[in-house]
Amino acid sequence: MQNKTLNQFKNLLKFSGTFNIVSAFLLIFPIIYEHYLLFFNKINFALGLGGQAVSIPTNPLNALLINTAGIDLVLIGAVILVVSKNPLKNRTIILLNGIGRLLFAIIIAYYVFAEDLIRIIIIFGLIDVIISIGFLYFLKKTK
């Protein structure tokens, strides 16, 4: 296998892990996550994208679940960064992450189109679809 292909694969994995960490980090912290979510409302409506605005949960359990999701997404990003050092030995983890990203994109599509969630969230789903396609491409190419 070409060294160039392996380096491209590693770079995609590093991007993927970093994307998870950066995009989810602020969800971890009580109160801060509220400002982060409201920021998406501002961008969405400034661009005129429509959809129902994100509201901040009033139930502490719902807030806890958002914080927990942030922790989980950051940890998944960290795992992918570790895996990027040797993707050939970690093919199953990469495949499972790609499948999870595709599932996440499908769930985003549901909430945007069926529940009228703000449209800016589609960007996260599209990025995850592109990453997943890249994972599948490199997994096949590095067999």
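Look above for the structure.
Let me begin by describing the structure that accompanies this report. (Residues numbered from 1 in each chain as written. Predicted model: local features only at pLDDT ≥ 70, side-chain atom pairs only at ≥ 80, totals over all residues. Heavy atoms only, no water.)

## Here we look at the overall build of the protein chain
If you tally the helices and strands in the protein chain, you get 5 helices and 0 strands. Along the chain direction, N to C, the helices and strands of the protein chain fall in the order α-α-α-α-α. Along the first, second and third principal axes, the C-alpha set of the protein chain runs to 50 × 30 × 20 Å. In the protein chain, which comprises 143 residues, the share counted as buried stands at 34%. The long-range fraction of contacts in the protein chain, counting pairs at least 24 apart against all pairs at least 6 apart in sequence, stands at 75%. Total accessible area on the protein chain stands at roughly 8600 Å², and carbon and sulfur atoms take up 71% of it. Where the 12 positive side-chain charges of the protein chain centre and where its 5 negative ones centre are 24 Å apart. (Helix = DSSP H or I, 4+ residues; strand = E, 2+ residues; numbered from the N terminus. Buried < 20%, exposed > 50% of the residue type's maximum accessible area, 1.4 Å probe, protein only. Contact = heavy atoms within 4.5 Å. Areas by Shrake-Rupley, 256 points an atom, 1.4 Å probe, with all protein chains shown as cover. Lys, Arg positive; Asp, Glu negative; His and termini not counted. Charge placed at Lys NZ, Arg CZ, Asp CG, Glu CD.)

## Overview of helix H4 (residues 91-113)
Its 23 residues give H4 an end-to-end C-alpha distance of 33 Å, which sits within 8% of 33 Å, the value for a rise of 1.5 Å per residue. Residues Ile-94, Asn-97, Gly-98, Arg-101, Ala-105, Ile-108 and Val-112 constitute the buried set of H4. Its buried side turned inward, H4 meets helix H1 (3-24), helix H3 (60-83) and helix H5 (122-141). (Expected span 1.5 Å × (residues − 1).)

## Considerations on the packing of H3 against H4
Running from N to C, H3 and H4 cross one another at 145°; their axes reach a closest spacing of 10 Å. H3 and H4 meet at a crossing whose hand is left-handed. Residues Ile-76, Val-79, Ile-80 and Val-83 of H3 touch H4, and the partners they reach there are Ile-93, Ile-94 and Asn-97. Counted by class, the contact of H3 with H4 contains 6 nonpolar, 1 polar and no charged residues. (Axes fitted to C-alpha atoms, helices over the stretch in contact; angles between N-to-C directions. Left-handed = near helix turned anticlockwise from the far one by under 90°. Nonpolar A, V, L, I, M, F, W, Y, C, P; charged D, E, K, R; others polar.)

## Observations concerning the packing of aromatic side chains
Within this structure, the stated rule accounts for 9 aromatic pairs. A centroid spacing of 5.3 Å and a plane angle of 15° characterise the contact between Phe-9 and Phe-138, whose relative ring orientation is stacked. Residue Phe-9 is found in helix H1, and its partner Phe-138 is found in helix H5; the two are separated by 129 residues along the sequence. For the pair shown, Phe-9 and Phe-138 are each scored as buried. Measuring from ring centre to ring centre gives 5.1 Å for Phe-25 and Phe-29, while their planes differ by 70°; the resulting arrangement is edge-to-face. Residue class for Phe-29 comes out partly exposed when judged on its relative accessible area of 29%. (Phe/Tyr/Trp six-rings, centres within 6.5 Å; stacked < 30°, edge-to-face > 60°.)

## So, H5
Here H5 is 20 residues long and its end C-alpha atoms lie 28 Å apart, about the 28 Å a rise of 1.5 Å per residue gives. The complete set of buried residues in H5 reads Phe-124, Gly-125, Asp-128, Ile-131, Ser-132, Gly-134, Phe-135, Phe-138 and Leu-139.

## Overview of the packing of H1 against H3
Relative to each other, H1 and H3 sit at 160°, their axes nearing to 8 Å. As far as their axial angle goes, H3 and H1 are roughly antiparallel. In terms of crossing hand, the pair formed by H1 and H3 is left-handed. For the pair H1 and H3, contact is made by Leu-13, Lys-14, Ser-16, Gly-17, Thr-18, Asn-20, Ile-21 and Ala-24 and by Gly-70, Leu-73, Val-74, Ile-76, Gly-77, Ala-78, Ile-80 and Leu-81, respectively. (Parallel < 35°, antiparallel > 145°, perpendicular 65-115°, else oblique.)

## Some thoughts on unusual backbone geometry
Backbone geometry at Ile-31 places phi at a positive 70°, although glycine is not the residue there. In this fold, Ile-31 is placed in the loop between H1 and helix H2 (32-46). Taking the relative accessible area as the measure of exposure, Ile-31 reaches 55% and is therefore exposed. Phi at Asp-116 is positive, roughly 65°, even though this residue is not glycine.

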